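Residue-level listing of the chains:
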Amino acid sequence: MAVSRARVYLESIRFEHTIFALPFAYIGMLLAADGWPGWDKFLLITAAMAGARTAAMAINRLVDAELDARNPRTSDRALPAGLMRRREMAALAIAGAVVLVLSAWRLNLTALVLAPVALFVVCAYPYTKRFTWSTHWILGLADSIAPAGAWIGVRGDFGLEAALISLAMLFWIAGFDLIYACQDVDVDRRDRLHSVPARFGIAAALWTSRGCHAATVVLLVSLGLVAGLGWPYWIGVLAAAALLAYESTMVSPTDLGRLQKAFFDMNGYVSVALLIAVSVSYVLG
């Protein structure tokens, strides 16, 4: 029973999607420490990330429960399907927030002071689709807190490298969220929700996604130059650029059949490839 409930909780917050943000948090951590920061920092940053993401996803599910129930794609999620009660989801959000704050407290004072700001941003995101089609970039901003927060957790300040990796993540997330939103065009228009695909059409959204991913590559190149990262990093950037380019060919305005693969597989490969590249750069000096 306990195992089945845990499975419901993990599925409700799409725990497997942590593969998108956690590698970028670790990249921010490695950049800030100029290498390995020690197990204490690593474990605290991991806990902070898990807490923040749990709180964000649980709030998202609470805010969007009625919308999810009206969308055939999301009607089987835990709340609309009756697999969880609202108070359970709220408890999950509170638990995540507590883990974030406690982890930030153990890291340093700056991280602790900024933890409520991070929580506000990630929990405010689900409301934005109700009034602005810039919601994709706001989601990118919310997720880009991961590398910025990891940097702050290590050093207690904010640097140019942190800004570059955070901006790269912002545009990367926005780019693939633009693709992901294409599957909900009809539902968004019916419910008067805002997104680029719903406002400007699928073709415009896909071209905007390509522009966002081009900006991601430019920012990753800038990061490598500023941080003085070695040749393994540049191989990682080339791999990420190739994966993003391939992702853009997997969907078209008339064929979204491979959208889920483009969303999950390709972007998971991008984040892991970049983390490996940065890690190896520091290992090889």
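Read on for an overview of the structure. These numbers come from a predicted model, not from an experiment.

**Focus: the pattern of salt bridges**
Piece 1. According to the stated counting rule, one finds eight salt bridges in the structure shown.
Piece 2. Two residues, Lys 129 and Asp 64, come together in a salt bridge whose shortest N-O distance is 2.8 Å. Of this pair, Lys 129 sits in the loop between α6 (109–128) and α7 (135–143) while Asp 64 sits in the loop between α3 (39–63) and α4 (65–70), and the two are 65 residues apart along the sequence.
Piece 3. Residue Lys 129 is classed as buried on the basis of its relative accessible area, which comes to 19%.
Piece 4. Here Asp 157 makes a salt bridge to Arg 155, at a shortest N to O gap of 3.6 Å.
Piece 5. Of the residues examined, Asp 157 reaches a relative accessible area of 35% and is grouped as partly exposed.
Piece 6. Residues joined in a network through salt bridges with shared partners are Asp 64, Lys 129 and Arg 130.

**Here we look at the environment of Ile 94**
Piece 1. Within the secondary structure, Ile 94 sits in helix α5 (residues 86–107).
Piece 2. Here Ile 94 falls in the exposed class, since its relative accessible area comes to 55%.
Piece 3. Along the backbone, Ile 94 and Met 169 are 75 residues apart, and their C-alpha atoms lie at a distance of 26 Å.

**Describing a nonpolar patch on the surface**
Piece 1. Taken together, the side chains of Trp 231, Ile 235, Val 272, Ile 276, Val 280, Val 283 and Leu 284 make up a nonpolar region of the molecular surface, amounting to roughly 690 Å² of accessible area.
Piece 2. In terms of residue count, the dominant contributor to the nonpolar patch is helix α14 (residues 259–283) (four residues).
Piece 3. The topology assignment puts Val 272 in helix α14.

**Describing the packing of aromatic side chains**
Piece 1. A complete count under the given rule lists eight aromatic pairs for this structure.
Piece 2. Summarising the aromatic geometry, the rings of Phe 24 and Trp 172 are spaced 4.9 Å apart at their centres and angled 20° between planes, so their arrangement reads as stacked. Of the two residues, Phe 24 is situated in helix α2 (residues 18–33) and Trp 172 in helix α9 (residues 160–180); the sequence distance between them amounts to 148 residues.
Piece 3. For Phe 24, a relative accessible area of 1% translates into the label buried.
Piece 4. Taking the centre distance of 5.4 Å and the plane angle of 40° together, the rings of Trp 36 and Phe 42 count as tilted.
Piece 5. The exposure class of Trp 36 is partly exposed, given its relative accessible area of 48%.
Piece 6. On the accessibility criterion, Phe 42 (18% relative accessible area) is buried.
Piece 7. Feature note: the residues Tyr 26, Trp 36, Trp 39 and Phe 42 constitute an aromatic cluster, connected by ring pairs.
Piece 8. Across the ring face of Trp 105, the terminal group of Arg 106 is positioned such that the distance to the ring centre comes to 5.9 Å.
Piece 9. Above the ring of Trp 207, the side-chain terminus of Arg 210 is found at 4.4 Å from the ring centroid.

**Section: the nonpolar core**
Piece 1. Membership of the largest hydrophobic core comes to 54 residues, with the highest contact counts inside it found for Met 29, Trp 172 and Leu 274.
Piece 2. Examining the composition of this core, we find that 11 residues originate from one element, α2, more than from any other.
Piece 3. Not counting the four nearest positions on each side in its chain, Trp 172 is found in contact with Phe 20, Phe 24, His 213, Thr 216, Leu 244, Asn 267, Val 270 and Ser 271.

**Some details on helix α8 (residues 145–155)**
Piece 1. Burial analysis of α8 places eight of its 11 residues in the buried class, the great majority of the element.
Piece 2. Of all the positions in α8, only Ala 146, Pro 147, Ala 148, Ala 150, Trp 151, Ile 152, Gly 153 and Val 154 are classed as buried.

**Details of the side chain of His 213**
Piece 1. Relative to the assigned elements, His 213 resides in helix α12 (residues 202–227).
Piece 2. His 213 gets classed as buried once you look at its relative accessible area, which sits at 7%.
Piece 3. Contact partners of His 213, with chain neighbours within four places excluded, come to Phe 171, Trp 172, Gly 175, Phe 176, Leu 244 and Glu 247.

**Structural notes on the environment of Val 187**
Piece 1. Positionally, Val 187 belongs in helix α10 (residues 185–190).
Piece 2. Look at Val 187 and you get buried, because its relative accessible area is 14%.
Piece 3. In the structure, Val 187 is positioned 55 residues away from Thr 132 in sequence and 16 Å away in space, judged by C-alpha atoms.
Piece 4. Not counting the four nearest positions on each side in its chain, Val 187 is found in contact with Asn 71 and Pro 72.

Rules and cut-offs
Residues numbered from 1 in each chain as written. Predicted model: local features only at pLDDT ≥ 70, side-chain atom pairs only at ≥ 80, totals over all residues. Heavy atoms only, no water. Salt bridge = Lys/Arg side-chain N within 4 Å of Asp/Glu carboxyl O. Helix = DSSP H or I, 4+ residues; strand = E, 2+ residues; numbered from the N terminus. Buried < 20%, exposed > 50% of the residue type's maximum accessible area, 1.4 Å probe, protein only. Patch = residues over 30% accessible without salt bridge, like charges linked within 9 Å, V, L, I, M, F, W, Y side chains within 5 Å. Areas by Shrake-Rupley, 256 points an atom, 1.4 Å probe, with all protein chains shown as cover. Phe/Tyr/Trp six-rings, centres within 6.5 Å; stacked < 30°, edge-to-face > 60°. Lys NZ or Arg CZ within 6 Å of the ring centre and 35° of its normal. Core = buried A, V, L, I, M, F, W, Y, C linked by side-chain atoms within 4.5 Å. Contact = heavy atoms within 4.5 Å.

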